[in-house]
Amino acid sequence: MTGIKDHVTEQYFMTDPEKNYVSDTDEKFMRRAIELARHGAPYAAPNPMVGAVIVHEGRIIGEGYHRRCGEGHAEVNAVASVSDADKALLPESTIYVTLEPCSHYGKTPPCAELIVEKKLKRVVIGSIDPFAKVSGRGIRRLRDAGIEVVTGVLEDECRAINPHFMTAHTHGRPYVTLKWAQSADGFMDRRRDADHTEGAMRLSGETGETLVHRLRSLHDALLTTSRTVNADGARLTLRLWDGKEPLRVIVDRQATLDPQAPIFSCGEREPLVLGKEEAPDVPSLLRHLYSLGITSVMTEAGPTMLQAIIDSGMWDEARVEVNPVRLGKEGSARAPQLPIAPAASITLPDGNRLLRYFNV
């Protein structure tokens, strides 16, 4: 195994020097596997989204994808979908998988062993798994069993399915998305009294809020601070979107978190509170979250925390909603400064602009 640098993410990924010739047929069926894999969002996380297609003489006889973390992987579901009439064809069939089959026992048995057991003659793989327990081992197990293995088919497209998973297991930290709303002149709030009785100014529009709730559902965890929770009564739930509720993580370095804050009386999961020992700085915080199995984090906090993450360089994507209002002297909480220009900008129905940035 060797490493190459991805031209989009600037990250290094394992590659297979023994990859075979890739045919148009291989690409055709891999595209179907990619299409299937995407159906796994958001319930597959923190596992990757994976699709699998079983083909015999140009005919698909089975297909599947990883539906939910803890349940059967794509290969398992694809094999299970093969009809009784076609099961005898498995030893003469090819299975297309977007990600290297696992070779270790986790919540489910290893998929590489299932492929060996079913005696499939050929395995075509999109990308190698960066996860240390898998990387290259699944391929070796298949080849040791005498199975032909082809790798690197639509490799970039297959990696692109799982930016959260790939980033986490390549860098040892979660994929980090930053989110905030601001006025046209760069403020995140208006001036408030010391007791914050007025509440935070609403700068996000209705469409923007719905999109935020959808984005929350696509992350393993939401990150905020005790200051934001205390001042804004932040709940960080999925009130406007149907999906898997992420873990809510509150950084409370000074032990000032209000135990009666609304965040503790709503949601399906108890928030995780991290003090100064677990989160003394941004790198330590992100490493700690990764050690808990968290592969993606969306940060919804004040400018101090957001700017600290930006300055650390340990962020991957930012979503900024800009309200056309100008607050002038009434503005407070200067929005963070990003070192790059937005990669995309769209105008929402309410007139707000949505800017997206990618730290590549």
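**A few points about helix α4 (residues 137-144)**
Every α-helix carries 3.6 residues per turn, so stepping three or four residues along brings you back to the same face.
Here is step 1: Turning to α4, its buried residues are Gly138, Ile139 and Leu142. Seen end-on, α4 carries its buried residues on one side only, within an arc spanning 100 degrees.
Here is step 2: Here the buried face of α4 lies against α3 (111-118), β6 (122-127) and β7 (148-150).
Here is step 3: With its phi angle positive at about 85 degrees, Gly146 sits one or two positions after the end of α4.

**Brief notes about the sheet that holds strand β11 (residues 247-251)**
Here is step 1: Spatially, the eight strands line up as an open sheet ordered β12-β11-β10-β13-β8-β14-β17-β16, and their pairing is mixed. A strand with exactly one partner marks an edge of an open sheet, and here the two such strands are β12 (272-274) and β16 (344-347). On average, each strand axis in the sheet is inclined to that of its neighbour by 20 degrees, with strand direction left out of account.
Here is step 2: As paired elements, strand β8 (residues 175-183) and strand β14 (residues 317-323) share seven bridges and run parallel to each other. Paired with Ser183 across the two strands is Asn323, which belongs to β14.
Here is step 3: The strands touched by helix α10 (residues 303-312) within the sheet are β8, β10 (221-225), β11 and β13 (296-299), with β8 carrying the most contacts at an inclination of about 135 degrees.

**A look at the nonpolar core**
Here is step 1: Membership of the largest hydrophobic core comes to 30 residues, with the highest contact counts inside it found for Leu178, Trp180, Leu285, Leu289, Ile309, Trp315 and Leu338.
Here is step 2: Going through the elements one at a time, β8, β10, β11, α9 (282-291), α10, β14 and β17 (353-358) are the ones with two or more residues in this core.
Here is step 3: In terms of nonpolar packing, the next biggest core, distinct from the first, is built from 26 residues, Ile61, Ala78, Ile95 and Ala112 among them.

**With respect to the confidence of the model for the chain**
Here is step 1: When pLDDT is averaged along the chain, the result is 90, and 91% of the positions lie at 70 or above.
Here is step 2: In this model residues 1-15 is a low-confidence stretch, pLDDT under 50, and it forms 40 contacts with partners more than four residues away in sequence or in other chains.

**What to know about the side chain of Gln307**
Here is step 1: By secondary structure assignment, the location of Gln307 is in helix α10.
Here is step 2: A polar side-chain atom of Gln307 sits 2.7 Å from the main-chain amide nitrogen of Gln337.

**Points about the packing of aromatic side chains**
Here is step 1: On inspection of all chains with the given rule, the structure shows one aromatic pair.
Here is step 2: When the ring of Phe29 is compared with that of Tyr96, the centres are 5.5 Å apart and the planes differ by 40 degrees; the resulting orientation is tilted. You can see Phe29 sitting in helix α1 (residues 24-37) and its partner Tyr96 sitting in strand β5 (residues 94-99), a full 67 residues away along the chain.
Here is step 3: Here Phe29 falls in the buried class, since its relative accessible area comes to 5%.
Here is step 4: One residue, Arg68, lies across the ring of Tyr43, its end atom 4.4 Å from the ring centre.
Here is step 5: Sitting above the plane of the Phe187 ring, Arg334 keeps its charged end 4.1 Å from the centroid.

**Quick look at the pattern of salt bridges**
Here is step 1: Counted according to the given criterion, the structure contains 18 salt bridges.
Here is step 2: Here Asp316 and Arg173 are joined by a salt bridge, their closest N and O atoms 2.8 Å apart. With Asp316 in the loop between α10 and β14 and Arg173 in the loop between α6 (163-171) and β8, this residue pair connects regions lying 143 residues apart in the sequence. For the pair Asp316 and Arg173, one class covers both residues: buried.
Here is step 3: Across the pair Arg192 and Asp189 runs a salt bridge, and its minimum N-O distance is 2.6 Å.

**Some details on the layout of surface pockets**
Here is step 1: There is about 1,400 Å³ of room inside the largest pocket.
Here is step 2: Around the largest pocket, the lining comprises 45 residues; the ones closest to its centre are Ala200, Thr228, Asp232, Ala301 and Gly302.
Here is step 3: Among the elements that make up the lining of the largest pocket, the one with the highest residue count is helix α8 (residues 226-232) (six residues).
Here is step 4: Within the lining of the largest pocket, the residues separate by chemical class into 17 nonpolar, 13 polar and 15 charged.

**A word on the pairing of β5**
Here is step 1: The buried fraction of β5 is high, at six of six residues.
Here is step 2: Where strand β3 (residues 51-56) and β5 come together, four bridges link them in antiparallel fashion. Within the sheet, the bridge partner assigned to Ala52 lies in β5 and is Val97.
Here is step 3: As paired strands, β5 and β6 are joined by five bridges and run parallel to one another. If you follow Leu99 over to β6, its bridge partner there is Ser127.

Thresholds, definitions, all that
- Residues numbered from 1 in each chain as written.
- Predicted model: local features only at pLDDT ≥ 70, side-chain atom pairs only at ≥ 80, totals over all residues.
- Heavy atoms only, no water.
- Buried < 20%, exposed > 50% of the residue type's maximum accessible area, 1.4 Å probe, protein only.
- Helix = DSSP H or I, 4+ residues; strand = E, 2+ residues; numbered from the N terminus.
- Arc of directions from axis to C-beta.
- Contact = heavy atoms within 4.5 Å.
- Pairing = 2+ DSSP bridges.
- Axes fitted to C-alpha atoms, helices over the stretch in contact; angles between N-to-C directions.
- Core = buried A, V, L, I, M, F, W, Y, C linked by side-chain atoms within 4.5 Å.
- pLDDT = per-residue confidence, 0-100.
- Polar contact = N/O pair within 3.5 Å; in protein donor to acceptor, adjacent residues only side chain to side chain.
- Phe/Tyr/Trp six-rings, centres within 6.5 Å; stacked < 30°, edge-to-face > 60°.
- Lys NZ or Arg CZ within 6 Å of the ring centre and 35° of its normal.
- Salt bridge = Lys/Arg side-chain N within 4 Å of Asp/Glu carboxyl O.
- 1 Å grid on protein atoms, 1.4 Å probe; cavity = no way out; pocket = protein on both sides within 12 Å on 5 of 7 lines; lining within 4 Å.
- Points joined across faces, edges and corners; volume = space filled by probe spheres on them.
- Nonpolar A, V, L, I, M, F, W, Y, C, P; charged D, E, K, R; others polar.

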